[in-house]
Amino acid sequence: MSSAAEQEAVQDPAGRAVEPGRPPGRAAPVTVRTEITEITESTGITAGTEITAGTGIAAATEAVRAAPRAPVVWPGAPMPLGARFRVGPDGVAGTNFALWAGGAEAVEVCLFEADGAETRCPLTELTHEIWHGFLPGVRPGQRYGYRVHGRWDPWTGARWNAAKLLLDPYARAVDGTFSLPPEVYGHMRDWPDQHVADTVRDERDSAPYVPKGVVVHDDDDWVEDRRPKTPWADSVIYELHVRGFTKLHPDIPPELRGTYAGLAHPAAIDHLTRLGVTAVELLPVHQFAHEDHLLRRGLHNYWGYNSIGYFAPHADYSASGTAGQQVGEFKRMVHALHSAGIEVILDVVYNHTAEAGELGPMLSLRGIDNRGYYRLQHDPRRYADYTGCGNTLHVVQPQVLRLITDSLRYWVTEMGVDGFRFDLAAALARSMHDVDMLSPFLAVIAQDPVLRRVKLIAEPWDVGNGGYQVGAFPPLWTEWNDRYRDAVRDFWRGALPDVRDLGYRLTGSSDLYAWGGRRPYASVNFVTAHDGFTLRDLVSYEHKHNEANGEGNRDGTNDNRAWNCGTEGESDDPEINALRRRQLRNLLTTLLLSTGVPMLVAGDEMGRTQGGNNNAYCQDNEIGWLDWSLLEQPEWRELTALTARVLRLRQTHPVLRRRAFFSGRAQAPDGLRDLAWFARDGREMTEGDWYAPAATLGLYLSGRDIPGRDARGEPVTDDSFLAVLHAGADPVAFELPGAPWAERYELVLDTSREDQAEPPGTVLEGGTELTVPARSVLLLRVAA
């Protein structure tokens, strides 16, 4: 080892000397404090205390004397995790704090007053890697955080830094907003050599710059709520953003717009009930943080896929306050939706957190136990990233699995939600590396008495190798079916090479889901989602226009499978606009008549546009918000009316929401096959027809041959229907199948018509030729 004089001098950005003392390429931790070694008794400071550099002994002594004395900490209990207000020994009320921090050397719970004054209370009890203590007198509304002490050695994955105040992973409410100044990073964010910046520890206190957890009072407000418990086969999902859905609604009071209370308002619920949806799927409402690159551009994370608090409702969506009031407001929103017969499904992000990669901020888990919570690479300085967001939670670790399942159960049992859509669910199903459908996460969900009873929706992919898992999730799970999206988009833009794939998608995707006892409702069918074009933009743009995101239009997918009807963007041409509205009607009608669970995106039913932005994740403005003034325009009111009408048809007719896959056979001796396909000339399609290009397809659904029985054990019967889908640019003659399929047909729906207020009511004989308008869907009921 060379002497200090022989080593090259290193300085931090402030010009302070830093001892290298590390192998080449490893910058040494910066220490910006000095240790007091000789202290007189009168100072009140013990030997070994660290004082911020530049602070005189007199000033340090005065600071210690002025600081409030730490309250008594009783041993408390290691269970449950988090901060739980309760009555302790001898009837004394207080709060029990419990934090899993497996490799830590010490933990302090830090209490904060309204003026920011901090009181640090050491947790000295350690049980099974859980630090715990009971603080008498600490009541609901108390703001708090943790400081966790341990080694700083990023080369082995150890990143403890007690200068950083950390959010409790189990905090049930969060007060304050995450900004990202340099002080909230565990390393020197602005270190000149960014290659090693993550190895240089930042000793500045982050407490003034980060939100705090809030102690919340547990109550029994939930006991009287009645869940709708809509069966999967009867479900219609409506994906919405709490803020974006309500922000511009004219009938919601201004002070409630953009909040949970706004979504609970009768004006918001009335739209949902008139439309006929059975469940809202809320974009993330867990407490989330904004990314540094967005804040630097004056933008914010709007969608919320950057979670940092898995038990806390996002505070910015609260109209009633952020000192715990957001919890009650969220519960009241759920209760109001339940009272209207609408279930609440949360879009949850357990695959990664807002702490990003090794150059990200230190907000919670990284500072509690970096190696215990995150997947690290062979080089432990680096994070395994199966999410594209910098890090991946290590779900195989028991404490991480417990965090996730505790969070899920909390939202079900105490907050009243009815299910979850798991963002990048394949990342949660990975064992050590590969996606494994026998992984601990899926196994725990399958046996959990609470979670196995709620709706579970997987986004069945991640960005890692082998991450695309559509059709692979086990029974109990439904999946976002992107193959449905792609086939339907391609058919209506005239890009399908043949109709084999479309046939499967329209009838429940049995090629993907008819195994292991899964049902057609394992497929969540969608044409659009929050991620991508809106439905109106899908027929108005062929290329993304994301310039407002500030990323040079590089973000967002290029695989839009869109057709702009001849002109890119908004048009003044009446014919183009009429064609676009017809295409919207075709796409919506196809979605709502398909077997499986349909998912609509808020505003698609009224022609919402994002101006061609297919990645509006950072557009917390009119681009991302729902424009309710569209309903003042007759053409968009008609589209909304059509959507509601098709949903009523779906709800009325069990043949349109089957609980079992089609067999292609008759269920009774005198019955017809439950499913039949017809070509334009009225004959049943042959195998060769499936391999040929086609713009016209006839789909016959037999209502006399529905498998299963009703609740009283009686056979389920219904009307039979013939749907004709025609994506061609010109009208086409279609011969209606005659006996035994039908003697007569009644025209129920024709998407070529702008006005859908009344059903067409035309009666046609079987065997006759019907002229199908260009680019349209016809739905015909078999008449008695």
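Here is a short report on the structure shown in this document. (Residues numbered from 1 in each chain as written. Predicted model: local features only at pLDDT ≥ 70, side-chain atom pairs only at ≥ 80, totals over all residues. Heavy atoms only, no water.)

**As for the overall build of the protein**
Stage number 1. A count of helices and strands for the protein gives 17 helices and 33 strands.
Stage number 2. Residues classed as buried in the protein amount to 58% of the 784 residues present.
Stage number 3. Nonlocal contacts in the protein, meaning residues at least 24 apart in sequence, comprise 70% of its contacts between residues at least 6 apart.
Stage number 4. Summed over all atoms, the accessible surface of the protein reaches about 30700 Å², with 50% contributed by carbon and sulfur. (Helix = DSSP H or I, 4+ residues; strand = E, 2+ residues; numbered from the N terminus. Buried < 20%, exposed > 50% of the residue type's maximum accessible area, 1.4 Å probe, protein only. Contact = heavy atoms within 4.5 Å. Areas by Shrake-Rupley, 256 points an atom, 1.4 Å probe, with all protein chains shown as cover.)

**Side note on the pattern of salt bridges**
Stage number 1. Summed over all chains, the structure comprises 50 salt bridges.
Stage number 2. Among the salt bridges present, the one from E551 reaches R297, with a minimum N-O distance of 3.2 Å. Taken together, the residues E551 in the loop between helix 14 (535–538) and helix 15 (574–593) and R297 in the loop between helix 5 (292–296) and strand 19 (307–313) connect sequence positions 254 residues apart.
Stage number 3. Residue classification places E551 among the buried residues on the basis of a relative accessible area of 18%. (Salt bridge = Lys/Arg side-chain N within 4 Å of Asp/Glu carboxyl O.)

**Quick notes on a positive patch on the surface**
Stage number 1. Residues R226, K229, R452 and R453 make up a contiguous surface patch of positive charge.
Stage number 2. Owing to a relative accessible area of 37%, R452 belongs among the partly exposed residues under this scheme. (Patch = residues over 30% accessible without salt bridge, like charges linked within 9 Å, V, L, I, M, F, W, Y side chains within 5 Å. Lys, Arg positive; Asp, Glu negative; His and termini not counted. Charge placed at Lys NZ, Arg CZ, Asp CG, Glu CD.)

**So, the packing of helix 11 (residues 482–492) against helix 15**
Stage number 1. Between helix 11 and helix 15, the shortest axis-to-axis distance is 11 Å and the interhelical angle comes to 145°. Of the two elements, helix 11 crosses helix 15, and the hand of that crossing is right-handed. Taken together, the residues of helix 15 that come into contact with helix 11 (itself represented by Y484, V488 and W492) are Q583, N586, L587, T590 and L591.
Stage number 2. In terms of residue class, the contact of helix 11 with helix 15 is built from 5 nonpolar, 3 polar and no charged. (Axes fitted to C-alpha atoms, helices over the stretch in contact; angles between N-to-C directions. Left-handed = near helix turned anticlockwise from the far one by under 90°. Nonpolar A, V, L, I, M, F, W, Y, C, P; charged D, E, K, R; others polar.)

**Comments concerning the sheet that holds strand 10 (residues 130–136)**
Stage number 1. Taken in spatial order, the 4 strands of this open sheet run 5-6-10-9, and their pairing is antiparallel. With one partner strand each, in any of the chains shown, strand 5 (82–87) and strand 9 (125–127) form the two edges of the open sheet. Each strand axis lies, on average, 30° off the axis of its neighbour in the sheet, ignoring direction.
Stage number 2. The pairing of strand 5 with strand 6 (residues 93–100) spans 6 bridges and is antiparallel. Bridging from a neighbouring strand, R84 pairs with N96 of strand 6. (Pairing = 2+ DSSP bridges.)

**Focus on the packing of aromatic side chains**
Stage number 1. Per the stated rule, a full pass over the model turns up 30 aromatic pairs.
Stage number 2. For the pair F97 and Y144, a centre-to-centre distance of 5.2 Å together with 70° between the ring planes defines the contact as edge-to-face. Of this pair, F97 sits in strand 6 while Y144 sits in strand 11 (residues 143–149); the two residues are 47 residues apart in sequence, bridging distant segments of the chain. Both residues of the pair, F97 and Y144, belong to the buried class.
Stage number 3. Their ring planes at 45° and their centres at 4.8 Å tell us that Y310 and Y350 sit as a pair that is tilted. (Phe/Tyr/Trp six-rings, centres within 6.5 Å; stacked < 30°, edge-to-face > 60°.)

**As for helix 16 (residues 634–652)**
Stage number 1. The end-to-end C-alpha distance of helix 16, which contains 19 residues, comes to 27 Å, matching closely the 27 Å that a straight helix rising 1.5 Å per residue would cover.
Stage number 2. Among all positions of helix 16, only W636, L639, T640, L642, T643, A644, R645, V646, L647, L649 and R650 are buried.
Stage number 3. Where helix 16 is buried, its residues meet helix 4 (266–275), helix 14, helix 15, strand 25 (597–601), strand 30 (744–750) and strand 33 (776–783). (Expected span 1.5 Å × (residues − 1).)

**Some details on unusual backbone geometry**
Stage number 1. For the bond running from M79 to P80, omega is -5°, close enough to zero to count as cis.
Stage number 2. Tracing the chain through its elements places P80 in the loop between helix 1 (57–66) and strand 5.
Stage number 3. Following A739, the chain continues to P740 via a peptide bond in cis, the omega torsion being 5°.
Stage number 4. Relative to the helices and strands, P740 resides in the loop between strand 29 (732–735) and strand 30.
Stage number 5. One non-glycine residue, L424, lies in positive phi territory at about 45°.
Stage number 6. Locating L424 in the fold gives a position in the loop between strand 21 (419–422) and helix 9 (425–428).
Stage number 7. By relative accessible area, which is 10% here, L424 ends up buried.

**Remarks on the packing of helix 4 against helix 16**
Stage number 1. Relative to each other, helix 4 and helix 16 sit at 55°, their axes nearing to 8 Å. Classified by the angle between their axes, helix 4 and helix 16 sit oblique to one another. From helix 4, H271, R274 and L275 reach across to helix 16, where they touch T640, T643, A644 and L647.
Stage number 2. Looking at the contact of helix 4 with helix 16 residue by residue, the class counts come to 3 nonpolar, 3 polar and 1 charged. (Parallel < 35°, antiparallel > 145°, perpendicular 65-115°, else oblique.)

**Details of the environment of G419**
Stage number 1. Relative to the helices and strands, G419 is located in strand 21.
Stage number 2. With relative accessibility at 0%, the residue G419 sits in the buried group.
Stage number 3. Distance from G419 to A279, taken between C-alpha atoms, is 9.7 Å for residues 140 residues apart in sequence.
Stage number 4. Sequence-distant contacts of G419, that is, excluding residues within four places in its chain, are made with V344, I345, L346, V454 and K455.

**Focus: the sheet that holds strand 15 (residues 212–214)**
Stage number 1. Strand order across the open sheet formed by 5 strands is 8-7-11-15-14, with antiparallel pairing between neighbours. Each edge of the open sheet carries a strand with a single partner, namely strand 8 (118–123) and strand 14 (174–175).
Stage number 2. Where strand 11 lies against strand 15, 2 bridges are found, and the strand directions are antiparallel. Among the inter-strand pairings, Y144 is bridged to a residue of strand 15, identified as G213.

**Looking at the pairing of strand 30**
Stage number 1. A large share of strand 30 lies buried, amounting to 5 of its 7 residues.
Stage number 2. Note: strand 30 against strand 31 (residues 763–765), 3 bridges, orientation antiparallel. Residue pairing in the sheet places Y745 in a bridge with L764 of strand 31.

**Let's talk about the pairing of strand 19**
Stage number 1. Most of strand 19 is tucked away, with 7 of its 7 residues classed as buried.
Stage number 2. Looking at chain direction, strand 18 (residues 286–288) and strand 19 are connected through 3 bridges and run antiparallel. Within strand 19, the residue paired with F288 across the bridge is S307.

**Some points on helix 15**
Stage number 1. With 20 residues, helix 15 should reach 28 Å at 1.5 Å per residue; the first-to-last C-alpha distance of 28 Å fits that figure.
Stage number 2. Within helix 15, 15 of the 20 residues are buried, which leaves the element mostly enclosed by the surrounding structure.
Stage number 3. Between a side-chain oxygen at the N-terminus of helix 15 and the backbone nitrogen of E575 the separation is 2.9 Å; the capping residue is D573. (Polar contact = N/O pair within 3.5 Å; in protein donor to acceptor, adjacent residues only side chain to side chain.)

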